[in-house]
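Inside the fold
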Amino acid sequence: MEIGRSLGLHLWIATLLLLSIAVNCFYLPGVAPEDFELGAPLKVKVNKLTSTKTQLPYSFYSLLFCTPKTIVDSAENLGEVLRGDRIENSPYEFKMRVPQLCKIVCHHTLDAKSAKEFKEKIDDEYRVNMILDNLPLVVPVPRRDQEFVLMYQHGFLVGLKDRTYPESKDQKHYINNHLQFTVKYHKDTQSESARIVGFEVKPFSVKHKYEGKWSDDVRLKTCDPHAKLTVTNSDNPQEVEENSEIIFTYDVTFEESDVKWASRWDTYLLMSDDQIHWFSIVNSLMIVLFLSGMVAMIMLRTLYRDISKYNQLETQEEAQEETGWKLVHGDVFRPPSNSDLLCVYVGTGVQFFGMILVTMIFAVLGFLSPSNRGGLMTAMLLLWVFMGLFAGYAAARFYKMFKGTEWKKITIKTAFMFPGIVFAIFFVLNALIWGEKSSGAVPFGTMFALVLLWFGISVPLVFVGSYVGFKKPAIESPVKTNKIPRQIPEQAWYMNSIFSILIGGILPFGAVFIELFFILTSIWLHQFYYIFGFLFIVFIILVITCAEITIVLCYFQLCSEDYLWWWRSYLTSGSSAFYLFLYAAFYFFTKLEITKPVSGALYFGYMLIGSYSFFVLTGTIGFYACFLFTRLIYSSVKID
């Protein structure tokens, strides 16, 4: 009793801690509204350079851009570091509602190394990311199908290549060195203060000209605030070559907007054709709901008939003539082969399920909005660590049911097997990123923090959960197990284990593949994912679908007198991960333009981790559904 009370107290403390973390994440400085008076300084920050072609982020100052007197790194949370964010101050100086025209930032003469680096980043279509008042910089672009409707792209391109001769090996490279910023604000009706609700830019490549020698107060011929001469096009672009002189300039205009501060993220979130998005999700959900209803109805009617028939058998002769799932009642709860490994996977699946469920609840409630960069990943990591308690408990409960005695052995396997495999893959991928000198490489300090979370919190919690689970009485089977195993008759081709397992994974994958497209797009094409409400519904339907398809196939297996259902129930719904990885490969070759081997290795490495995690999650859902189903049906019939 004392252990139970202590465990309950620890759970409450953990829950309150997670809630406080989530709330603190949501109200980080910069997320809460900030009012700016007329002329108040605005801090423009720079973030990583990103490319959808390489998937390797780099810090802004890895190129020869203009730098402030001292570069100051912003404090980043765990999720931001893992995402490769590197937020630093910039030399761009704005004042609230004070327009600026042709402000010179700096002047550089490129050497061979700098010119080569700029050309490489332009070839790989790298984009510059900036932040103002926690809003990312976007470039407004007219949509192809609707001329007067704008889409917004994150960040602006470092530069462009000469499109006159696209097949030429000596293509010229041009840098975007003049930026026209537009800051949108919503003014308070009762005071002179205003809140920032938009941050846009139009980049231009301009070969600036001036008379005489360069000095800090030189007047440019190409744009001049005194003559009100502005840059309107890139007809005379700035070429990137060794010894070329580049002058970086910018304009700032302020526009009053009707958009309120609370709605300012709507522009950023509605970047794709949302009608197709909504229609696809609703269509997918309706199909899956229909199939699930059909499966449930068939199962209920068939089972009800079977149980009634078995319970009405009166004579021994009738019982001997009967065939079906009742005949294997003496073997159906026989411990499976490699039962230790099954316990480990079930425990890990429970840990995953708890993490995803709580994360989605937080996301639906708005704690993990896109305005809190890295908040989603940070929350998932912390929840994974705390859910180790339930992993140890679930693994120990099944281990004891399978007559296991060495609970510490199963605990160590649960605490280290899955995280160890994932960490090994992650370490190799991180080494590849580090070899490319990318900011996406996780620093040593962060790696140490991850290991500390694993060994310092997760492992002890797995041991606590396992200890509590093993102390409880073993789960009793509803029927006795025979000493001698029953011979399994020859099975029909469609009941072959491999065929049955592969068929079982199709429906769960069908429940999520539409949503999967948008998730992959948000990860690999650097777009925001925000429809957590629909994602939560899809997750619930995934759980229902995994449970029902596993129960149906388990029922058919038992009817054919094959009682080896333990592992097959796990693999049936878990095989949806195989289709997920195949879809990831299809997405890679049809939607992405990755050409570098390192980038391809990163993509498939991370998708392998994602598919493995999906296997553990869906497999555990199917296993639990089948376990409860078999206990229910065998406790409902009369066994002599």
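Residues numbered from 1 in each chain as written. Predicted model: local features only at pLDDT ≥ 70, side-chain atom pairs only at ≥ 80, totals over all residues. Heavy atoms only, no water.

Details of the overall build of the chain
Convention followed: Helix and strand labels come from DSSP, where a helix needs a run of H or I of at least four residues and a strand needs a run of E of at least two; each type is numbered from the N terminus. Working rule for contacts: check all heavy atoms of both residues, and any pair within 4.5 Å makes them a contact.
Helices and strands together make up the secondary structure of the chain, namely 17 helices and 13 strands. Partitioning the contacts of the chain with sequence separation of at least 6, the portion at a separation of at least 24 is 81%.

Focus: the confidence of the model for the chain
We count it as follows: Residue-level confidence of the predictor is summarised by pLDDT, bounded by 0 at the bottom and 100 at the top.
For the chain, per-residue confidence averages 82 on the pLDDT scale, and 85% of positions sit at 70 or higher. Here helix α1 (residues 2-26) stands out as the least confident element of the chain, with mean pLDDT 38; helix α16 (residues 576-591) is the most confident, with 94. Here residues 1-30 is a poorly scored stretch, pLDDT under 50, and it has 29 contacts once near neighbours within four places are set aside; other chains count.

Here's the deal with the pattern of salt bridges
Inclusion rule: Salt-bridge detection follows one rule: a side-chain nitrogen of Lys or Arg within 4 Å of a carboxyl oxygen of Asp or Glu. Classification of residues uses two cut-offs on accessible area relative to the type maximum, computed with a 1.4 Å probe and protein chains only: under 20% is buried, over 50% is exposed, and between them is partly exposed.
Throughout the structure, instances matching the rule amount to 10 salt bridges. With a closest N to O distance of 2.8 Å, Arg-195 and Asp-35 form a salt bridge. Of this pair, Arg-195 sits in strand β12 (residues 194-204) while Asp-35 sits in the loop between α1 and β1 (41-50), and the two are 160 residues apart along the sequence. Among the residues examined, Arg-195 registers a relative accessible area of 29% and is labelled partly exposed. For Asp-35, a relative accessible area of 43% puts it in the partly exposed group. Taking the shortest distance from any N to any O, the salt bridge between Glu-200 and Lys-184 comes out at 3.2 Å. Note that Glu-200 is positioned in strand β12 and Lys-184 in strand β11 (residues 178-187), a separation of 16 residues in sequence. Residue Lys-184 is classed as partly exposed on the basis of its relative accessible area, which comes to 23%.

What about the environment of Leu-365?
Counting through the fold element by element, Leu-365 comes out in the loop between α7 (339-364) and α8 (375-386). Overall, Leu-365 belongs to the exposed group, its relative accessible area being 59%. Linking Leu-365 and Gly-533, residues 168 residues apart in sequence, is a C-alpha distance of 9.0 Å.

Points about the state of the cysteines
Here is the rule we go by: Criterion for a disulfide: a pair of cysteine sulfur atoms at a distance within 2.5 Å.
Applying the stated criterion to the full structure yields 2 disulfides. Here Cys-66 engages in a disulfide with Cys-106; their sulfurs sit 1.8 Å apart. Across the S-S bond linking Cys-66 and Cys-106, the dihedral sits near -75°, which makes this disulfide left-handed. On the criterion of sequence distance, the pair formed by Cys-66 in the loop between β1 and α2 (78-83) and Cys-106 in strand β3 (residues 100-109) is long-range, its members being 40 residues apart. When its relative accessible area of 4% is taken as the criterion, Cys-66 is described as buried.

Focus: the packing of aromatic side chains
Our working definition: Side-chain rings of Phe, Tyr and Trp (the six-membered ring for Trp) are treated as a pair once their centres are within 6.5 Å; stacked means planes under 30 degrees apart, edge-to-face means over 60, and tilted covers the remaining angles. Here, a charge over a ring means that NZ of Lys or CZ of Arg falls within 6 Å of the ring centre while also lying within 35 degrees of the ring normal.
For the structure shown, the criterion picks out 57 aromatic pairs. Taking the centre distance of 5.4 Å and the plane angle of 55° together, the rings of Phe-416 and Phe-455 count as tilted. A residue pair is termed long-range when its members are at least 10 positions apart, and Phe-416 in helix α10 (residues 407-435) and Phe-455 in helix α11 (residues 444-471) qualify at 39 residues. Relative to Phe-589, the ring of Phe-588 lies with its centre 5.0 Å away and its plane at 90°, an arrangement referred to as edge-to-face. Using a relative accessible area of 65% as the deciding quantity, one classes Phe-589 as exposed. One aromatic cluster is present, built from ring pairs that chain together Tyr-345, Phe-352, Trp-384, Phe-418, Trp-567, Tyr-570, Tyr-612 and Phe-615. Of note, Lys-121 hangs over the ring of Tyr-58, and the distance from its end group to the ring centre comes to 4.3 Å. One residue, Lys-121, lies across the ring of Tyr-126, its end atom 5.5 Å from the ring centre.

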